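Tertiary structure, described
Spelled out from the first residue to the last, the chains are:
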Amino acid sequence: MKNLFPWILAGLFLFLALYFYWQQNEAESRLAIADRQIEEMNEELSQKAESVDSLEEMVPPPDTMELVPPGGAAFVDELGSLSESDIQRLKREGLQNPETDLLNDLNRKQSRLIPVEGTMGGTMTIRDSRILNDRYAMAYYEDGHNGGYMLLKYTVNNGNINWTVVDNSRL
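In short, a report on the structure. It should be emphasised that the depicted structure is a prediction, and the values quoted were computed from it without experimental measurement.

The rules behind each value
- Residues numbered from 1 in each chain as written.
- Predicted model: local features only at pLDDT ≥ 70, side-chain atom pairs only at ≥ 80, totals over all residues.
- Heavy atoms only, no water.
- Helix = DSSP H or I, 4+ residues; strand = E, 2+ residues; numbered from the N terminus.
- Buried < 20%, exposed > 50% of the residue type's maximum accessible area, 1.4 Å probe, protein only.
- Areas by Shrake-Rupley, 256 points an atom, 1.4 Å probe, with all protein chains shown as cover.
- Pairing = 2+ DSSP bridges.
- Axes fitted to C-alpha atoms, helices over the stretch in contact; angles between N-to-C directions.
- Contact = heavy atoms within 4.5 Å.
- Patch = residues over 30% accessible without salt bridge, like charges linked within 9 Å, V, L, I, M, F, W, Y side chains within 5 Å.
- Salt bridge = Lys/Arg side-chain N within 4 Å of Asp/Glu carboxyl O.
- Lys, Arg positive; Asp, Glu negative; His and termini not counted.
- Charge placed at Lys NZ, Arg CZ, Asp CG, Glu CD.
- Arc of directions from axis to C-beta.
- Phe/Tyr/Trp six-rings, centres within 6.5 Å; stacked < 30°, edge-to-face > 60°.

1. Regarding the overall build of the protein
Scanning the protein from N- to C-terminus turns up four helices and four strands. Listing every helix and strand of the protein by position from the N terminus yields α-α-α-α-β-β-β-β. Evaluated residue by residue, the protein yields a buried proportion of 23% over its 171 residues. When the accessible surface of the protein is split by element, carbon and sulfur atoms take 55% of a total near 12700 Å².

Right under this line is the structure:
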């Protein structure tokens, strides 16, 4: 009986060692399967994200979407540009970057210059503007319901810009 006890104990330890070895292999196998499933899901998600990103590139965010003026209301791209002599004269009058300074000033003062109030809760806003030459600018304004054009005259004195509405035509 004394010789049998060490053999039973050794058999028990051998059985436990094999059992834990088998459990470890089983856990590693399940872990490998779970890792593969996670990789597959990550690939699917990255493909979906790429497709969503490609669609998002096509659609600008709502706050940057431009309203398209009605037919015939869009300015021709070649319309209005300052000549080199106009730019030099306006720089002598105190503007650093004449066209940009003029457009920024026009946008800041647009609420005082647009001669029409918005309707149905809309706010009249200049949607497109062009500096025509060293004295005149043209702007298209609308509130989403109604719109029109303005011909503006501007003067520059020591960097200060003053605007006068010369003519206004509602659409």
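Now, onward.
2. Thoughts on the sheet that holds strand β3 (residues 147-157)
An order of β1-β2-β3-β4 is seen for the four strands of this open sheet, with the pairing classed as antiparallel. Either end of the sheet is taken by a strand with one partner, and the two such strands are β1 (125-131) and β4 (160-170). Averaged over all pairs of adjacent strands, the angle between strand axes in this sheet comes to 25°, irrespective of strand direction. The strands that helix α3 (residues 98-108) touches are β1, β3 and β4; relative to β1, the one it contacts most, it runs at about 155°.

3. Here we look at a negative patch on the surface
Taken together, the side chains of D35, E39, E40, E43 and E44 present a region of like negative charge at the surface. The topology assignment puts E40 in helix α1 (residues 4-58).

4. Side note on helix α2 (residues 84-92)
Among all positions of α2, only D86, I87 and L90 are buried. Looking straight down α2, one finds its buried side chains confined to an arc of 100°; they lie on one side. In α2, the exposed residues that point more than 90 degrees away from the buried face are E84 and R92. Against the buried residues of α2 lie α3 and β3. Phi turns positive one or two residues past the end of α2, at G94, with a value near 115°.

5. A look at the environment of G121
For G121, the position within the fold is in the loop between α4 (110-113) and β1. As a C-alpha pair, G121 and D143 span 22 residues in sequence and 8.6 Å in three-dimensional space.

6. Some remarks on the pattern of salt bridges
Following the criterion strictly, the structure yields seven salt bridges and no others. Between R127 and E142 there is a salt bridge whose closest N-O contact spans 3.8 Å. One end of the pair, R127, is in strand β1; the other, E142, is in strand β2 (residues 136-142), with 15 residues separating them in the sequence. Classification of R127 by relative accessible area gives partly exposed; the value is 35%. Here E142 falls in the buried class, since its relative accessible area comes to 8%. Put simply, R89, D134 and R135 are held in one network by salt bridges that share partners.

7. Focus: the packing of aromatic side chains
Within this structure, the stated rule accounts for five aromatic pairs. Considering the side-chain rings of F15 and Y19, the 6.4 Å spacing of their centres and the 20° angle between planes classify their relative orientation as stacked. One end of the pair is F15 and the other is Y19, both in helix α1 and four residues apart, which spans about a single turn. Classification of F15 by relative accessible area gives exposed; the value is 53%. Among the aromatic side chains, those forming a connected cluster through ring pairs are F15, Y19, F20 and W22.

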